[in-house]
Structures are given as C-alpha cells and as structure tokens.
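Descriptive analysis of the structure
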Amino acid sequence: MTSTSYDYIIVGAGTAGLSLAVRLAQSEASVLVLEAGVDTTAVQEIQVPGLFIKNIGHPDRDWAFFSKPQAHANNREVFLPRGKGIGGSSTLNFMQWNRASSWEYDAMESFGMEGWNWKNMLHYFKKSEIVIASNDLQEATMLKLDPSAHGTSGPIIVSPPTQISDVHLPFLKGFEELGFPVNQDSSDGDNLGTWTGLVSIDPAKVTRSSCASAYLTVKTSLSRLEILTGAQVMRIAFAEDSVTGGLAVAEGVEFTRDGTTQMVTASKEVIVCAGAYQTPQILELSGIGDKHLLNEHGIETVVDLPGVGRNLRT
Ligand SMILES: Cc1cc2nc3c(=O)[nH]c(=O)nc-3n(C[C@H](O)[C@H](O)[C@H](O)COP(=O)(O)OP(=O)(O)OC[C@H]3O[C@@H](n4cnc5c(N)ncnc54)[C@H](O)[C@@H]3O)c2cc1C
C-alpha cells in the first residue's frame with residue numbers, strides 16, 4: 001500500500017470488485033482493493049478447466065462455508081463454497097457464461113432500480129466479453145450466435161464448449177421432436193428452451209478466463225490501481241459527525257494484515273464487494289443491520305436495517 005488515502009476503496013477482489021476497480025482506475029481515479037485471500041492466479045488447478053473440482057474446499061481458494069442446520073433439509077448443514085483470493089468466485093466457479101432473459105432484467109427496473117434494464121445491461125455484457133466461436137462447432141452445439149448480442153473486445157474470453165458429450169445433440173434433438181425448438185443463442189434476451197451454454201474458457205489455451213486472468217491484464221497499464229492481498233476488512237469506518245447527524249457517511253475501512261490492524265481512508269467511496277455472504281457480514285460488523293441482532297453481539301447500531309443478512313436464496 002503506497003498511501004493511507006485513495007479515491008475509492010473496494011473490499012474484495014472478486015468478480016464485482018476487480019472489474020469495478022479496473023473500470024474506475026481507467027477513469028484516472030486512485031483505487032485500492034483489499035482482498036482477504038492470497039494471489040492464486042498462477043495456480044494450475046484454477047487455470048485448467050477440467051481440474052475445477054480440486055479447488056472446491058481448498059483452504060487457500062475456498063472459504064468453504066457451511067449453513068446453519070436447515071430445518072427443511074433434514075437439519076443438514078449445507079456446504080456453501082465461495083471463492084477466496086484474487087478473482088474471488090470466478091476462480092472457483094463452473095465457467096458457465098449465461099444471461100437471464102430480457103424481461104428479468106427489465107423487472108429489476110420495474111422494482112425501482114432505475115437504469116437496471118436489458119438495454120443498459122446488454123451494453124455492459126458486451127463490454128465484458130470477447131466471444132471466440134469457431135464455425136466448426138455449429139453442428140455439434142446447434143449454436144448460431146447473434147453478433148449484435150455479443151462483445152468482440154472485452155477482457156473475458158468466452159467460447160462454446162469444445163468437449164461435447166455424445167448425448168448432447170440427441171438430447172437437443174429429442175426436445176425438438178417434442179415441440180421445444182432449440183434456442184440458437186440464449187444470450188440474446190430470450191433464454192427459454194434448450195440450448196448449449198457458452199463457457200468462460202480461452203479456446204486457444206484451454207484455460208479458465210476468470211475475472212483475475214481477464215482484468216489483471218488490463219491492470220498492468222493502470223498505475224493508480226493497487227491490490228493488497230491478505231487484507232481482511234473488519235469494518236467500515238464512518239465519519240463521526242455523520243453518524244450523530246443521522247446520515248452515516250463511510251470514510252474508510254479497518255482491516256487486519258499480518259496480525260496488525262490498519263486503517264485506510266477514501267475521499268470518494270467505500271465499495272463493499274465481498275460477495276453474497278460476506279458483504280452483509282461486513283455491514284453488520286460495521287453497525288448496519290437489525291439493531292436487536294447487533295445488540296446481542298455488542299455492536300453499536302449505526303443504521304437499523306433489518307433486511308441485512310436475511311432472505312438469502314441459493
Ligand atoms: C462453486 C461455484 C460454482 C459457480 N458456478 C458458476 C457458473 O458456472 N457460472 C456463473 O455465472 N456463476 C457461477 N457461480 C457464481 C459466480 O461465480 C458468483 O456469483 C460471482 O463470482 C460472485 O461475484 P462477487 O464479486 O459478488 O463475489 P466473489 O467473486 O465471491 O468475490 C468476493 C471476494 O471478497 C473477498 N472477501 C470476502 N470477505 C472479505 C473481507 N472481509 N475482506 C476482504 N476481502 C473479502 C473474497 O475472498 C472474494 O475474493 C459459481 C459460484 C460457486 C461458488
């Protein structure tokens with residue numbers, strides 16, 4: 001870390017955090033990314049798609065959470081893998097590169113999220129990817145990609161799967177005979193039907209195209225972006241007068257690294273991208289959550305927001 005203050009501090013170097021960090025740094029902002037895990041980018045088992053299973057449960061690559069006993073699953077504690085290290089869950093995931101249908105994105109806007117609609121999202125979907133699809137695979141995959149729905153110069157390398165099982169085509173054709181036409185490009189705003197999914201794999205090297213492999217390549221040209229590994233964020237620090245004034249303003253974060261606690265401040269924003277399980281955890285540790293729960297754990301409430309950490313669906 002070369003400074004104690006940055007324009008933006010991003011918590012988590014995963015799919016959201018890393019891509020956002022690079023885009024912000026491209027706009028000349030100074031950006032610090034704090035990542036609890038280590039740099040796993042050179043690990044072969046992450047790079048080679050067929051070895052993906054070796055990463056699940058690995059202590060350096062997976063937080064390997066377990067749920068509480070689930071009443072509706074015979075009280076089982078369900079295993080919940082979650083990527084750790086630069087690239088986050090994009091280094092651990094199954095590389096399926098899918099999009100929802102246009103009406104699902106449009107529904108977000110109708111729920112009040114202004115600008116979150118298919119048309120706007122499509123712009124960023126395209127910006128994120130470069131699709132490399134050889135015509136040779138068309139017959140085996142029944143894919144016919146719509147060029148207007150795909151990117152040609154983004155950092156994530158996307159391709160049709162090259163390993164296709166013998167049952168794949170008969171499966172698609174069987175459904176066709178039953179009256180369900182094959183969807184030749186499920187990424188164009190309509191993903192209904194049967195289809196061959198694209199994957200985030202570089203077909204030339206047959207390696208995983210993770211957020212790390214993709215965005216770190218862009219990072220090399222960005223001197224105002226720093227990534228600190230082994231830095232576990234413990235809480236968001238709020239400007240004191242803002243808390244007493246009723247509108248809490250984040251001014252930095254507290255994190256631990258090599259056994260010491262450090263503080264770093266942000267002149268513009270603190271952005272928490274610690275994933276679906278740990279983002280709410282950090283909010284709660286910072287005093288944003290259900291005040292009764294926070295009281296139980298001796299955490300002073302900054303914002304009473306009972307929805308934090310609830311309603312998770314996996
Ligand atoms: C096993 C598995 C298979 C999946 N398969 C697919 C698939 O095939 N296709 C698909 O589209 N999606 C898949 N997903 C989902 C997809 O990978 C995730 O939705 C996506 O990566 C989440 O991005 P994120 O930025 O929210 O979180 P993450 O990418 O998980 O990033 C969060 C980062 O924050 C860090 N962090 C957490 N707490 C702290 C802290 N306190 N301080 C500092 N850093 C912290 C973590 O170490 C991590 O690096 C899969 C996920 C898993 C786990």
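Bear in mind that the values here come from a model prediction, so they are computed numbers and not experimental data.

Rules used in this analysis
Residues numbered from 1 in each chain as written. Predicted model: local features only at pLDDT ≥ 70, side-chain atom pairs only at ≥ 80, totals over all residues. Heavy atoms only, no water. Buried < 20%, exposed > 50% of the residue type's maximum accessible area, 1.4 Å probe, protein only. Helix = DSSP H or I, 4+ residues; strand = E, 2+ residues; numbered from the N terminus. Arc of directions from axis to C-beta. Polar contact = N/O pair within 3.5 Å; in protein donor to acceptor, adjacent residues only side chain to side chain. Domains from an automatic or database assignment. Contact = heavy atoms within 4.5 Å. Buried area = accessible area lost by both parts, 1.4 Å probe. Salt bridge = Lys/Arg side-chain N within 4 Å of Asp/Glu carboxyl O. UniProt positions renumbered as here; feature names shortened; annotations may be inferred. Disulfide = S-S within 2.5 Å. Pairing = 2+ DSSP bridges. Axes fitted to C-alpha atoms, helices over the stretch in contact; angles between N-to-C directions.

Let us look at helix α7 (residues 211–219). Residues of α7 that are buried include every one of C211, A212, A214 and Y215, and no others. Take α7 and look down its axis: the buried residues cluster within an arc of 165 degrees, on one side only. Structurally, the start of α7 carries an N-cap: the backbone nitrogen of A212 is 3.1 Å from a side-chain oxygen of S210.

For the protein chain, the assigned domains are domain 1 (1–95 + 212–314) and domain 2 (96–199). Each of domain 1 and domain 2 has a C-alpha centre, and these two points are 29 Å apart. Listed by partner, the interface residues are six residues for domain 1 and eight residues for domain 2. Buried surface at the junction of domain 1 and domain 2, both sides included, amounts to about 510 Å², of which 58% is carbon and sulfur. The tally of links from domain 1 across to domain 2 stands at zero salt bridges. Counting across the interface, domain 1 meets domain 2 through two residue pairs in polar contact (both at pLDDT 80 or more). For the side of domain 1 that touches domain 2, the leading source of residues is α7, giving three residues.

UniProt records the feature "domain: Glucose-methanol-choline oxidoreductase N-terminal" (unreviewed entry) for residues 83–106 and 275–289 in the present numbering. This span, residues 83–106, is 21% helix and 8% strand, and a straight line between its end C-alpha atoms measures 29 Å. Along residues 275–289, the helical share is 73% and the strand share 13%, with 17 Å between the first and last C-alpha atoms.

Counted under the stated rule, the structure contains zero disulfides. As a non-bridged cysteine, C211 has C273 as the owner of its nearest cysteine sulfur, 10 Å distant.

As a further point, take the sheet that holds strand β13 (residues 250–257). Pairing within the open sheet is mixed, and its six strands lie in the order β11-β2-β1-β14-β13-β12. The sheet is open, and its two borders are formed by β11 (225–228) and β12 (232–238), each paired with just one other strand. Neighbour-to-neighbour, the strand axes of this sheet turn through a mean angle of 40 degrees, independent of strand direction. Where β12 meets β13, six bridges bridge the pair, whose relative direction is antiparallel. Directly across from R235, in β13, lies its bridge partner E254. Most of the contacts of helix α1 (residues 15–26) go to strand β1 (residues 5–11), to which it runs at about 155 degrees, and overall it touches β1, β2 (31–34), β11 and β14 (260–272).

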